[in-house]
Amino acid sequence: MFVNEAVNVLAELERVGVNPLPAGGDEVKVLCPFHADTDPSLYINLITRIFHCHSCKESGDFIKYLAQRM
């Protein structure tokens, strides 16, 4: 098992104080920590744990997102 598979996305978002919004299907959207975001534009897939910001185009796995948030 990879480390990323053990991460519960919703629990970790709550732990770091992020309130995700439903984005349809298996995705949630949040404010992007990679740019000055005022309207949630970063989508996180809860199954694959991959994120993509539709504004700044930053992408990666959920561990990268968490590292940026800290």
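The structure under discussion appears in the preceding block.
All values reported here derive from a predicted model rather than from experimental measurement.

Trainee: Please clarify how the overall build of the protein chain should be interpreted in this entry.
Mentor: For the protein chain, the count of helices and strands is two helices and five strands. Along the protein chain, from the amino end to the carboxyl end, the secondary structure elements read α-β-β-β-β-β-α. The C-alpha radius of gyration computed for the protein chain amounts to 11 Å, which stays within 12% of the reference 11 Å derived for 70 residues, consistent with globular compactness. Summarising its shape, the C-alpha atoms of the protein chain cover approximately 35 × 25 × 20 Å along the three principal directions.

Trainee: Would you mind showing me how to read the pairing of strand β4 (residues 50-53) here?
Mentor: Within a regular beta strand, the side chains point alternately toward one face of the sheet and then the other, so they alternate between its two faces. Residues of β4 alternate between two faces, with Phe51 and Cys53 buried on one and Ile50 and His52 left unburied on the opposite face. With three bridges connecting them, strand β3 (residues 42-45) and β4 associate as antiparallel partners. Residue pairing for β4: leucine 42 is matched across the bridge by cysteine 53. Hairpin geometry of β4 and strand β5 (residues 59-61) is characterised by an intervening segment of five residues between the two adjacent antiparallel strands and by a positive phi of about 75° at lysine 57.

Trainee: Would you take a moment to explain the pattern of salt bridges for this structure?
Mentor: Note that side chains of opposite charge can pair when their charged atoms are close. Overall, the coordinates contain two salt bridges when judged by the stated rule. In this structure, lysine 64 and glutamate 58 form a salt bridge, with 2.6 Å as the shortest nitrogen-oxygen distance. A residue is classified by how much of its surface remains accessible, and glutamate 58, at 25% relative accessible area, is partly exposed.

Trainee: Help me understand the side chain of serine 41, please; the structure alone is not making it clear to me.
Mentor: Relative to the assigned elements, serine 41 resides in the loop between β2 (27-30) and β3. If we ignore the near neighbours within four places in the chain, the residues touching serine 41 are Val30, Cys32, His35, His52, Cys53, His54 and Ser55.

Trainee: Got a minute to help me understand the nonpolar core in this structure?
Mentor: Nonpolar side chains tend to gather and get buried jointly when the protein is soluble and globular. Counting 15 residues, the largest nonpolar core has Leu13, Val18, Val30, Leu42, Ile44, Phe62 and Tyr65 as the members making the most contacts within it. The set of elements that each furnish at least two residues to this core consists of α1 (9-15), β2, β3, β4 and α2 (62-69). Ranked by residue count, the leading element in this core is α2, at three residues. If sequence neighbours within four positions are ignored, leucine 42 has contacts with Val28, Lys29, Val30, Cys32, Pro33, Phe34, Asp37, Phe51, His52, Cys53 and Tyr65.

About the thresholds
Residues numbered from 1 in each chain as written. Predicted model: local features only at pLDDT ≥ 70, side-chain atom pairs only at ≥ 80, totals over all residues. Heavy atoms only, no water. Helix = DSSP H or I, 4+ residues; strand = E, 2+ residues; numbered from the N terminus. Rg over C-alpha atoms; globule rule 2.2 N^0.38 Å. Buried < 20%, exposed > 50% of the residue type's maximum accessible area, 1.4 Å probe, protein only. Pairing = 2+ DSSP bridges. Salt bridge = Lys/Arg side-chain N within 4 Å of Asp/Glu carboxyl O. Contact = heavy atoms within 4.5 Å. Core = buried A, V, L, I, M, F, W, Y, C linked by side-chain atoms within 4.5 Å.

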